[in-house]
Amino acid sequence: MLSVFKDLIRYNREFTIGLLLVSLIVIFACLSFFSPYPAQDIYVVIPDQPPSWQYWFGTNSRGQDLFWQLSFAFRNTLTFGIIVAVLSRLISITIGLASGYLGGWVDRILMFFNDIFVAIPIFPILILFYFVLRSDLNTYTLAVIMACLGWAFDARLIRSVALGLRFREFTRQAIFAGMSPRKIMMEEHLPYVMPIVFSTAMANMIWSIGFEVTLAVLGFTNINIPTVGTALYWANNHSAMVVGVWWWIIIPVVLLVMMFLGLFLLAVSINEYIDPRSRLRRMGS
Amino acid sequence: MDTVLDVKGLKAYYLMKYFGISREVRAVDDITMSIRRNEIYGIAGESSSGKTSLIKVLAAAMRPPLEVVDGSVRYHFNGEEIDPTTASKEDLKRIRWKHLSYIMQGSMSVLNPVRRIERTFADFAKEPLGLSGPAFRERVEQHLSSLKLPPSVLRSYPHELSGGMRQRVTIGLATVCHPEFIIADEPTTALDVVVQKEVLSMIREIQQKMGSSVVFVTHDMSVHANMADRIGIIYAGRLVEEGPTRQMFFAPKHPYTAHLVASLPRIGDTTQRPALEGKPPNLADPPPGCRFHPRCPLAIDKCRTDVPPLETVDTDHRTACWRWQDVRPLDGAPTGKMEAQL
Amino acid sequence: MRAYLLFALKRLLQLTAVVFAGVSAAFFISRLSPISPVESIIGRVSGNSSFSPQAIESLRSTLNELFGLNIPLHEQYFNFLGRLIVGDLGPSLIAFPTPAMQLVMLALPWTVGLLTVSIIITWLLGNILGGLAGYYQNSRLLKAFGVLAIGVQPIPYYIVAFLMVIIFGFLWPVLPISGGFSMNVRPGWTPQFILSILHHSILPATSLVLVGMGTWFLGMRSLVSNIVTEDYVTYAEIAGVKEERIVGSYVIRNALVPQLTALAMALGGIFSGTIITEQVFSYPGLGTLLIRAVNGGDSTLVLAVSSVAVIAVASAIFVIDMIHPLLDPRVKVE
């Protein structure tokens, strides 16, 4: 595993750039633990200061130091993305392995539901949830909802791999050795699908964070929790572009694009490494 | 002798770079041979012996990382000489299909799955034949009927045809322009025995009718026994023995050929045949001297250090072995009595 | 032909299942809402003038009946399904008493038009360029395009749309950044009106194309770089088939088959992206309507938009599924 990692860094430029970008963002997010100001306080510094040595990223119209504010925002956004990725991975691994290994009517029923989840447009559903939950729709609730909606694509991918494993020699041996289906799936098949789980996790983070930003920009989440989306929401709310506080918008957008690009490059290069034939089917975000 | 193809000292290597480590695989290493007009030349050898790479060079179907490192390949068509490894794209295009055609391995995958057979025929043969719509169509239908294919296959998609029909279609595709030189790479491998026989006699028939030369590649010695006028044996990227079919079967002069011939199954024969020990050598790092020596029952010290040259031992018969005089047919090898079968 | 009909029937069944599941989910989620549409109307009406409690009570029961809220939940559900089929979900709140469905139907053509045009452009352009990039792997121009695609692809719709507004709204104001047509043009089948629509759709469509194209480009490029090693391509090359023919009919043509499947699977996501793009450009489509409905607390309208969105996306997927056997003769239409 470690040597694969080393190889990727040495010979795959895309992986290296991706890793660098993501690391930068993660370090930036971690700086929030040393912030001199609490995350939600406003008017702690002089408003509307352009970037300078004192305020690296400038200050916004709500009197917050953008550097620290965005560092909080990225921490929350990354946490959100990771929660969604982990939870939805759990669902898609379970469904994918079960469907691929058990086959028959179990497979048919699971894939029937899978196809429904693929076909339903998620955004109107998310807006419905906001409509009902209002400010109860915090980062964690949203993460759980998104995890429940975002597993279907990857479950299908995992299923196709598991389907191939089912007829391999070692599976038959495991069955003859009396291993239970659960044990076969967890101990024999899981290692084979881990690379896919990894690369789809990155794609999933791009997808979920994309939705979070979109919802937040519209004001359809709890706008008092600093995330990248709510940062942009407040900037729009104060017409930052019109009044000339451009750094309030440009800096988070640049950082966000860096993060997306980094995650995307990681997903693509891992994907290429494990299977040059596979490709990212997920559409934008 | 009227030769169509002359290969001299051909070396073709796979030059690969993977994760920073460069490797060269000597798939074709110093091969010299010539093919005559109106003959079937069989090329035999195990898988990954380099025979497919040789074919790719001959058919001008090389793609990186396979590259010609040394040597020459010369075709003589209509008094014109052309080297497919150095010729320009235009020159190659001029000889392809009209003079030089190719039957590719794996009939399942050589036809475009989303294109009707008639369009594939038009793509491949319309330009070389220089015929207009109806005349071309008539020619194709006529040619297909000589292969016992109804004209209706032209309207079909590849997946709608059976394996045998598909193979006949690809043979038809390769021969519709009546080429002088046909390269056939394992054309019968995936077929069942009955269809295999049919396809083989079809190739033979077409070859005789058109007077073309055929280079026929397969690892199956029984097919060679039925098809080839002459046989060349490839081992680890080298031509180790070459001779008329009959001599190769009854009086092989290379221990590897002797082994291949002896391993042929025969009706009524129940004797155990000794398997060849060891594995074929890794072409990225072949053994020094004669490449067969680690598996050779006759190997002596000289074999381990010096590369044996291809020596003429009889009319048309050449072998690359230091001890060819000691090579005897093995148990189970064909004897005079079996001649009728061949 | 019979086989094709049977295939269509099977897909139709799937379509029904998706629509049923989607609208049911939408219904039950919306019923979790603590805000009753009836109470908010009463609040609005009674705030302006004084009514007697009896009048308010009778208004409440009338409204309850109008919204179908005076019966148990499961009956409401069946009621909802019935009314959805008829296409009448009750009056909207933000434009009371205009029926919610009428508002949706006014907005639908805008979204469908914008989406259809931009998806077709995106898909064709992305696939053709990606196909060429996969075949001509040494072309500098196409390589540069690949780098650009990788850079743009992971950016969310919102950011791209927003950047376009900044560029064309503030830095270089040459194109309209808001609305579906100019205010000074009268709607109707006049050339001016159609031109105005096209003019206003340039930016939203471009932003959708920009975001979407990268995925198709990259997907196609990697598909093609695998297909060029397929036997039928190698064989055609050995046979000296014309290069344009090989690229078009052998390579790209074969790669389009999985790309069409991918399009069907991506449609839901693209639709979500359109909602936000419309909002940024104040385009008068479903997305803008949905957001207005949410901000106005109009649960009927939110439910109506969501249901129609589910139906629209599922139908579009159905249409693509129907094209599939025509593009790939191997699809078993059993």
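How each quantity is defined
Residues numbered from 1 in each chain as written. Chains lettered and ligands numbered in written order. Predicted model: local features only at pLDDT ≥ 70, side-chain atom pairs only at ≥ 80, totals over all residues. Heavy atoms only, no water. UniProt positions renumbered as here; feature names shortened; annotations may be inferred. Helix = DSSP H or I, 4+ residues; strand = E, 2+ residues; numbered from the N terminus. Rg over C-alpha atoms; globule rule 2.2 N^0.38 Å. Buried < 20%, exposed > 50% of the residue type's maximum accessible area, 1.4 Å probe, protein only. Contact = heavy atoms within 4.5 Å. Areas by Shrake-Rupley, 256 points an atom, 1.4 Å probe, with all protein chains shown as cover. Lys, Arg positive; Asp, Glu negative; His and termini not counted. Charge placed at Lys NZ, Arg CZ, Asp CG, Glu CD. Buried area = accessible area lost by both parts, 1.4 Å probe. Salt bridge = Lys/Arg side-chain N within 4 Å of Asp/Glu carboxyl O. Polar contact = N/O pair within 3.5 Å; in protein donor to acceptor, adjacent residues only side chain to side chain. Nonpolar A, V, L, I, M, F, W, Y, C, P; charged D, E, K, R; others polar. Phe/Tyr/Trp six-rings, centres within 6.5 Å; stacked < 30°, edge-to-face > 60°. Lys NZ or Arg CZ within 6 Å of the ring centre and 35° of its normal. Pairing = 2+ DSSP bridges. Axes fitted to C-alpha atoms, helices over the stretch in contact; angles between N-to-C directions. Parallel < 35°, antiparallel > 145°, perpendicular 65-115°, else oblique. pLDDT = per-residue confidence, 0-100. Patch = residues over 30% accessible without salt bridge, like charges linked within 9 Å, V, L, I, M, F, W, Y side chains within 5 Å. Domains from an automatic or database assignment. Core = buried A, V, L, I, M, F, W, Y, C linked by side-chain atoms within 4.5 Å.

- Going by what an unreviewed UniProt entry lists, chain B is known as Peptide ABC transporter ATP-binding protein and is assigned to Devosia pacifica.
- Per UniProt, chain B carries the Sequence similarities (unreviewed entry) text "Belongs to the ABC transporter superfamily."

- In the annotation of an unreviewed UniProt entry, chain A is listed under the name Peptide ABC transporter and assigned to Devosia pacifica.
- Note on chain A: under the UniProt heading Sequence similarities (unreviewed entry), the record states "Belongs to the binding-protein-dependent transport system permease family."
- Turning to chain A, the UniProt annotation filed under Subcellular location (unreviewed entry) states: "Cell membrane".

### Let's talk about the overall build of chain B
Point 1. A tally of regular secondary structure across chain B gives 10 helices and 12 strands.
Point 2. For chain B, the C-alpha radius of gyration of 21 Å lies close to 20 Å, the compact-globule estimate for 342 residues.
Point 3. C-alpha atoms of chain B, sized along the principal axes, occupy 65 × 55 × 45 Å.
Point 4. Residues counted as buried form 53% of the 342 residues belonging to chain B.
Point 5. For chain B, the share of sequence-separated contacts (at least 6 apart) that also reach a separation of at least 24 residues comes to 66%.
Point 6. Just so you have it, chain B exposes about 15,500 Å², and 51% of that area is on carbon and sulfur atoms.
Point 7. Across chain B, the mean location of the 44 positive side-chain charges is 4 Å away from that of the 41 negative side-chain charges.

### A closer look at the overall build of chain A
Point 1. Across its full length, chain A holds 12 helices and 0 strands.
Point 2. Along chain A, helices (α) and strands (β) appear in the sequence α-α-α-α-α-α-α-α-α-α-α-α when read from the amino end.
Point 3. Reported as C-alpha extents along the three principal axes, the dimensions of chain A are approximately 75 × 50 × 30 Å.
Point 4. With 285 residues in all, chain A has 56% of them scored as buried.
Point 5. Pairs at least 24 apart in sequence give 69% of the contacts found in chain A among residues at least 6 apart.
Point 6. Just so you have it, chain A exposes about 12,400 Å², and 66% of that area is on carbon and sulfur atoms.
Point 7. Both charge centroids of chain A, one from 19 positive and one from 15 negative side chains, sit 8 Å from each other.

### Considerations on the interface of chain A and chain C
Point 1. The partner chain C presents 59 residues to the 48 residues of chain A that form the contact.
Point 2. Summed over both sides, the interface between chain A and chain C buries roughly 4,700 Å², with carbon and sulfur atoms accounting for 78% of that surface.
Point 3. Our enumeration of links across chain A and chain C arrives at 0 salt bridges.
Point 4. Linking chain A to chain C there are 3 residue pairs in polar contact (both at pLDDT 80 or more).
Point 5. Elements with a minimum of two residues in the side of chain A that touches chain C: α4 (104-119), α5 (122-133), α7 (152-166), α9 (181-217), α10 (228-237), α11 (240-243) and α12 (247-274) of chain A.
Point 6. At 10 residues, α5 of chain A tops the list of elements feeding residues into the side of chain A that touches chain C.
Point 7. Each residue belonging to the side of chain A that touches chain C can be placed in one class, and the counts come to 36 nonpolar, 5 polar and 7 charged.

### What to know about the side chain of S306 of chain C
Point 1. The topology assignment puts S306 of chain C in helix α12 (residues 299-327).
Point 2. Leaving out residues up to four positions away in the same chain, S306 of chain C has contacts with P124 and L128 of chain A together with A26 and L290 of chain C.

### Digging into the packing of aromatic side chains
Residue and element names in this part refer to chain A.
Point 1. All told, the structure shown has 35 aromatic pairs over all chains when counted by the stated rule.
Point 2. Between Y233 and W234, the ring centres sit 5.3 Å apart and the planes meet at 75°, which makes this aromatic pair edge-to-face.
Point 3. Residue Y233 is classed as buried on the basis of its relative accessible area of 17%.
Point 4. Chaining the aromatic ring pairs together yields one cluster made of F28, W56, F57, F67, W68 and F74.
Point 5. The cationic tip of R62 hangs over the ring face of W234; the distance from NZ or CZ to the ring centre is 3.8 Å.
Point 6. Between the NZ or CZ atom of R75 and the centre of the ring of F33, over which it lies, the distance is 4.1 Å.

### Observations regarding the sheet that holds strand β7 (residues 181-185) of chain B
Working definition: the strands of a sheet are paired by backbone hydrogen bonds and lie parallel or antiparallel to each other.
Residue and element names in this part refer to chain B.
Point 1. Judged by pairing direction, the sheet is mixed, and its 8 strands sit side by side in the order β6-β7-β8-β3-β9-β10-β12-β11 without closing on themselves. Pairing within the sheet leaves two strands with one partner each, and these edge strands are β6 (100-103) and β11 (311-314). Here the strands of the sheet are splayed against their neighbours by 20° on average, with no regard to which way each runs.
Point 2. Judged from the 5 bridges that link them, β7 and strand β8 (residues 213-217) form a sheet pairing that is parallel. Looking at β8, one finds that A184 is bridged to F216.
Point 3. In the packing of helix α9 (residues 255-262) onto the sheet, the strands contacted are β9 (230-235) and β10 (238-244), and the crossing angle to β9 comes to about 110°.

### Thoughts on the packing of helix α10 (residues 243-280) of chain C against helix α11 (residues 286-295) of chain C
All names here are of chain C.
Point 1. With their axes 7 Å apart at the nearest point, α10 and α11 run at an angle of 75° to one another. Considering the angle they form, α10 stands roughly perpendicular to α11. Facing F271, I275, E278 and Q279 of α10, the residues of α11 in contact are L286, G287, T288, L290 and I291.
Point 2. Considering only residue class, the contact of α10 with α11 consists of 5 nonpolar, 3 polar and 1 charged.

### Quick word on the confidence of the model for chain A
Point 1. Mean pLDDT for chain A: 83, with 95% of residues reaching 70 or above.
Point 2. Under a pLDDT of 50 for its full length, residues 276-285 of chain A has, in the predicted model, 40 contacts with residues more than four places off or in other chains.

### A few points about a nonpolar patch on the surface
Point 1. A cluster of nonpolar side chains, contributed by V242 and V243 of chain A together with L163, I167, F170, L171, W172 and V174 of chain C, occupies part of the molecular surface with about 800 Å² of accessible area.
Point 2. Contributions of two or more residues to the nonpolar patch are made by α11 of chain A together with α7 (157-171) of chain C.
Point 3. Considering every element that reaches the nonpolar patch, the biggest residue donor is α7 of chain C, with 4 residues.
Point 4. You can see V174 of chain C is positioned in the loop between α7 and α8 (191-227).

### Observations regarding the UniProt feature "transmembrane region" (unreviewed entry) in chain A
All names here are of chain A.
Point 1. Mapped onto this numbering, the UniProt entry annotates "transmembrane region" (unreviewed entry) at residues 15-34, 78-102, 109-133, 139-158, 192-225 and 245-274.
Point 2. Secondary structure within residues 15-34 divides into 80% helix and 0% strand; the distance between the first and last C-alpha atoms comes to 30 Å.
Point 3. With 100% helix and 0% strand, the stretch residues 78-102 has end C-alpha atoms that lie 35 Å from each other.

### Quick look at the domain arrangement of chain B
Residues and elements named next belong to chain B.
Point 1. Considered domain by domain, chain B is made up of domain 1 (3-228) and domain 2 (234-341).
Point 2. Computed from C-alpha atoms alone, the centre-to-centre distance between domain 1 and domain 2 is 27 Å.
Point 3. Of the roughly 1,900 Å² buried between domain 1 and domain 2, counting both surfaces, carbon and sulfur atoms make up 54%.
Point 4. The closest approach of N and O atoms between D29 and R238, which form a salt bridge, is 3.9 Å.
Point 5. At the boundary of domain 1 and domain 2, one finds 11 residue pairs in polar contact (both at pLDDT 80 or more).
Point 6. Those elements that place two or more of their residues in the side of domain 1 that touches domain 2 are β2 (21-36), β3 (40-44) and α7 (221-227).
Point 7. The element contributing the most residues to the side of domain 1 that touches domain 2 is β2, with 11 residues.

### A few points about the pairing of β6 of chain B
Residues and elements named next belong to chain B.
Point 1. Residues L100 and Y102 point to one face of β6 and S101 and I103 to the other, with burial holding for every one of them.
Point 2. Both β6 and β7 contribute to a ladder of 4 bridges, which runs parallel. Pairing of S101 across the sheet is with I182, part of β7.

### Quick word on the pattern of salt bridges
Residue and element names in this part refer to chain B.
Point 1. For the structure on display, the rule yields 30 salt bridges over all chains.
Point 2. The residue R26 makes a salt bridge to E24 at a minimum N-O spacing of 3.6 Å.
Point 3. Overlapping salt bridges bring together E39, R230, E242 and R318 as one network.

### Things to note about the side chain of D65 of chain A
Residue and element names in this part refer to chain A.
Point 1. Its place among the elements puts D65 in the loop between α2 (13-30) and α3 (66-102).
Point 2. In this structure, D65 is buried with no salt-bridge partner, the nearest side chain bearing the opposite charge being R62 at 13 Å.
Point 3. Beyond its immediate chain neighbours, meaning those up to four positions away, D65 contacts Y37, V45, Y55, G58 and T59.

### Here's the deal with the nonpolar core
One recurring pattern in soluble globular proteins is that nonpolar side chains are buried together.
Point 1. Counting 246 residues, the largest nonpolar core has Y75, F121 and F181 of chain B as the members making the most contacts within it.
Point 2. For this core, the element with the highest residue contribution is α10 of chain C, accounting for 19 residues.
Point 3. Counting 23 residues, the second-largest nonpolar core is a separate cluster that includes M221, Y235, V240 and C303 of chain B.

### Section: unusual backbone geometry
Residues and elements named next belong to chain B.
Point 1. Non-glycine residue D30 carries a positive phi angle of around 60°.
Point 2. Take D30: it is sitting in strand β2.
Point 3. Assessed through its relative accessible area of 45%, D30 is described here as partly exposed.
Point 4. Of note in this structure, D316 is not a glycine but carries a positive phi near 65°.
Point 5. In this fold, D316 is placed in the loop between β11 and β12 (317-319).

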